[in-house]
There are 2 protein chains.
Amino acid sequence: MIVYGIGVGPGDKELITLKSLNILKKVDKIFVPISKEGKPSVAYEIVKDYIKDKEVETLLFPMIKYKEKLKYYREKAAEKILKENKDVAVLTLGDPTLYSTFSYIWKILAKKGVKVEIINGISSIFSAAKALNMPLVEGNEKLCILPHGKDIEKYINDFDTIIVMKTKNLKDVLKKINNKNIIVGLVKRATFEDEKIAIGNIDNINFDEFSDYLSIAIIKRIKDDDN
Amino acid sequence: MIVYGIGVGPGDKELITLKSLNILKKVDKIFVPISKEGKPSVAYEIVKDYIKDKEVETLLFPMIKYKEKLKYYREKAAEKILKENKDVAVLTLGDPTLYSTFSYIWKILAKKGVKVEIINGISSIFSAAKALNMPLVEGNEKLCILPHGKDIEKYINDFDTIIVMKTKNLKDVLKKINNKNIIVGLVKRATFEDEKIAIGNIDNINFDEFSDYLSIAIIKRIKDDDN
C-alpha cells in the first residue's frame, strides 16, 4: 500500500503537474478533504474534471482549535485511508509540505509503517506573488513566513519579504507596529476566477476583504536601492 | 508582445504544470538560460522532449559576483528578448518568483512597458522536503529562507524551520554557532536521477557533497513535543 499525498496546486486547474495527474489516473481511490459535512472540497473542485471515473471519499478536517478534537479527526481520517489497504491518493491544496493538513496524516501513517509518497504542487505563496506581479525574493534577500503575522515586529526590519498566512488579524497587527517603510500586497483566492488583490501601504490599503483562509499577504520592505 | 516567465520545476520532467506545457506549445520561440557558452541548460534539459519543434535561443547569465558585469548580461538578455517582438517564453528552474535570474529580466522588461506573465513552477524547496520525507512547516510554525545561511545564529532559536540556499559555506557557519538542538537535512539535485540526501546533526553529517548551486539545506529545531 502506498498513500500518495498529492498537491493539486493553488486553484487554477491548469496549475497541476503531470506527475499529480499521472498518479491520479493510476490509483483506484481518491480521498478529498472537506472542512464541514456537505461542504464542497476546494481541492476536489480543482481536479474533478480529470478524475471522473474514480471512486472518491471525503476526509473531514473541521477548522477548530481544540487540540484533542483535531487529533481525533486526524486519527479517524488515517483509519479510513488504512482500511483501503491499496494504493490511494489524498488531495491537498497547494503543496503537501507547506502548512498542509496532510502532514498530520503523513505522520500518523509513517508511524504505522505505511509508505507515504509526496507529490509536490504549486504553493499559493508563489501564485500570490504572480498575482501581485512581483518576485518574492531575489539575490541574497531573506524571506520568512509567519502564520497570523506572529512576532512580525521582530522581523520587519530584518527580512526583505514577509509572507503572512492566516491574515484575519493582520490589519490590527500592522496598525499596532505602524511601520511606514513597507508595502503590503494582499491576495485572495489566487488563480481562482474570483481572485482579488490589493497593494499599498498600511494607511491606504483595505484589509477587510482579505481575511478568509485562502488569503495571503506579502509584505516588502521599501528599499532605496532599486537595482 | 507577451514574455512568459515559465517555471519548469526542480528537475523531474513530470513536475511541470499543464499551464507551462500549454504556453510552451503556444509560443514561437523559447529562451533558455545558460551559465557558460557551450554548457547545457538545466532548464532546457527538463523540457526538451516537449518542445522538439520549437526555435530555441540561449541567454547567457554567468555566475559572477561583479554587479556591473551582471547588469550588462541582464540588459543584453532583455535586448535579445525584445528584438523578437512577438510572444516568447523564457525558461526558469523552479519557480520564477523565488531567487530566479528571470526576476531581473522581468524588472527590465516591465520598465520598458513590456507585458510579462509569470507561470509558476514547483520550487526545489518543496522537492527537497519531499526528498527528506518531512514537512517544511505545519500549524503555526515559522519558516525562513536564508541565502548562504546568513545571520542564522539570530534566527535558529526562533524559527521552526530554516531553509538555506547556497550551501557552500554552511558547514563552517553551523560549526561556528555549534547548536546541538538542530537536525540538518541536505539535498542535492532534488528529483534528478542522481538526487542525493543526507540527514543528521552537525557532528555526524557529511556536508562535503552538498555545496553546488543545486544543493539546499533544511534545518529543523528539535522539539520535545512530537505532536
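Residues numbered from 1 in each chain as written. Chains lettered and ligands numbered in written order. Predicted model: local features only at pLDDT ≥ 70, side-chain atom pairs only at ≥ 80, totals over all residues. Heavy atoms only, no water.

The subject of this paragraph is the relation of the copies chain B and chain A. Both copies of the chain are tied together by a single rotation about an axis and a shift running along it. Between chain B and chain A, which share one sequence, the superposing operator has a rotation angle of 180 degrees and an axial displacement of 0.0 Å; the RMSD is 0.0 Å. In short, the pair behaves as if placed about a two-fold rotation axis. (Least-squares fit on C-alpha atoms with pLDDT ≥ 70 in both.)

Residues and elements named next belong to chain A. Domain boundaries assigned for chain A yield domain 1 (2-119) and domain 2 (124-221). Computed from C-alpha atoms alone, the centre-to-centre distance between domain 1 and domain 2 is 27 Å. Listed per partner, the contact involves 9 residues of domain 1 and 11 residues of domain 2. Around 830 Å² of area is buried between domain 1 and domain 2 when both sides are counted, 77% of it from carbon and sulfur atoms. Counting across the domain 1 and domain 2 interface gives 0 salt bridges. The tally of links from domain 1 across to domain 2 stands at 2 residue pairs in polar contact (both at pLDDT 80 or more). Taken together, the residues that form the side of domain 1 that touches domain 2 break down as 7 nonpolar, 1 polar and 1 charged. (Domains from an automatic or database assignment. Contact = heavy atoms within 4.5 Å. Buried area = accessible area lost by both parts, 1.4 Å probe. Salt bridge = Lys/Arg side-chain N within 4 Å of Asp/Glu carboxyl O. Polar contact = N/O pair within 3.5 Å; in protein donor to acceptor, adjacent residues only side chain to side chain. Nonpolar A, V, L, I, M, F, W, Y, C, P; charged D, E, K, R; others polar.)

All names here are of chain B. Considering all chains together, one arrives at 42 salt bridges over all chains under this definition. Note that Asp203 is salt-bridged to Lys180, the shortest N-O span being 2.6 Å. On the criterion of sequence distance, the pair formed by Asp203 in the loop between strand E9 (196-200) and strand E10 (215-221) and Lys180 in the loop between helix H7 (170-177) and strand E8 (182-188) is long-range, its members being 23 residues apart. Of the two residues, Asp203 and Lys180, neither departs from the other in class, the shared state being exposed. (Helix = DSSP H or I, 4+ residues; strand = E, 2+ residues; numbered from the N terminus. Buried < 20%, exposed > 50% of the residue type's maximum accessible area, 1.4 Å probe, protein only.)

Bringing helix H3 (residues 67-84) of chain A into the picture now. Residues and elements named next belong to chain A. Look at H3: 27 Å from first C-alpha to last across 18 residues, which is about the 26 Å you get at 1.5 Å a residue. Looking at H3, one finds that the buried residues are Leu70, Tyr73, Arg74, Ala77, Ala78, Ile81 and Glu84. One side of H3 carries all its buried residues, which in axial view fall inside an arc of 135 degrees. Opposite its buried face, H3 presents the exposed residues Glu68, Glu79 and Lys83, each directed more than 90 degrees away. (Expected span 1.5 Å × (residues − 1). Arc of directions from axis to C-beta.)

What follows deals with the interface of chain B and chain A. Taken residue by residue, the interface counts 61 residues in chain B and 61 residues in chain A. Taken as a group, Glu14, Leu18 and Phe126 of chain B account for 13% of the area that chain B buries against chain A, more than any other trio of residues on that side. Along the contact surface separating chain B from chain A lie 12 salt bridges. For Asp151 of chain B, the salt bridge goes to Lys142 of chain A, with nearest N and O atoms at 2.8 Å.

Counting residues in hydrophobic clusters, the biggest one holds 40 residues, and the most contacted among them are Ile162 of chain A together with Ile162 of chain B. Sequence-distant contacts of Ile162 of chain A, defined by excluding residues within four places in its chain, comprise Cys144, Leu146, Ile152, Tyr155, Ile156, Ala217, Ile218 and Ile219 of chain A. (Core = buried A, V, L, I, M, F, W, Y, C linked by side-chain atoms within 4.5 Å.)

For the rest of this paragraph, the subject is the packing of H3 of chain A against helix H4 (residues 102-111) of chain A. All names here are of chain A. H4 packs onto H3 with a crossing angle of 60 degrees between their chain directions and a minimal axis gap of 9 Å. Between H3 and H4, the angle is such that the two are oblique. Helix-helix and strand crossings are classified by hand; for H3 and H4 the assignment is right-handed. Contact residues: H3 offers Arg74, Glu75, Ala77, Ala78, Ile81 and Leu82, while H4 offers Tyr104, Ile105, Ile108 and Leu109. Class assignment of the residues belonging to the contact of H3 with H4 gives a composition of 8 nonpolar, no polar and 2 charged. (Axes fitted to C-alpha atoms, helices over the stretch in contact; angles between N-to-C directions. Parallel < 35°, antiparallel > 145°, perpendicular 65-115°, else oblique. Left-handed = near helix turned anticlockwise from the far one by under 90°.)

Residues and elements named next belong to chain A. In terms of burial, strand E1 (residues 2-7) is a largely internal element, 6 of the 6 residues being buried. Of the two faces of E1, the one holding Ile2, Tyr4 and Ile6 and the one holding Val3, Gly5 and Gly7 are both buried throughout. Sheet topology places E1 next to strand E4 (residues 88-92); 5 bridges connect them, and they run parallel. Bridge assignment links Val3 to a residue of E4, and that residue is Val88. (Pairing = 2+ DSSP bridges.)

Taking strand neighbours across the sheet as the criterion, the 10 strands line up as E9(A)-E8(A)-E10(A)-E7(A)-E6(A)-E6(B)-E7(B)-E10(B)-E8(B)-E9(B) in an open arrangement whose pairing is mixed. This sheet does not close on itself; its edge strands, each paired only once, are strand E9 (196-200) of chain A together with E9 of chain B. Taking each pair of neighbouring strands and ignoring which way they run, the sheet shows an average axis angle of 15 degrees. Of the strand pairs in this sheet, strand E6 (residues 143-147) of chain B and strand E7 (residues 161-165) of chain B are connected by 5 bridges, and their pairing is parallel. Bridged to Leu146 of chain B within E7 of chain B is Val164 of chain B. Here helix H5 (residues 124-132) of chain B sits on the sheet in contact with E6, E7, E8, E9 and E10 of chain B, set at roughly 65 degrees to E10 of chain B.

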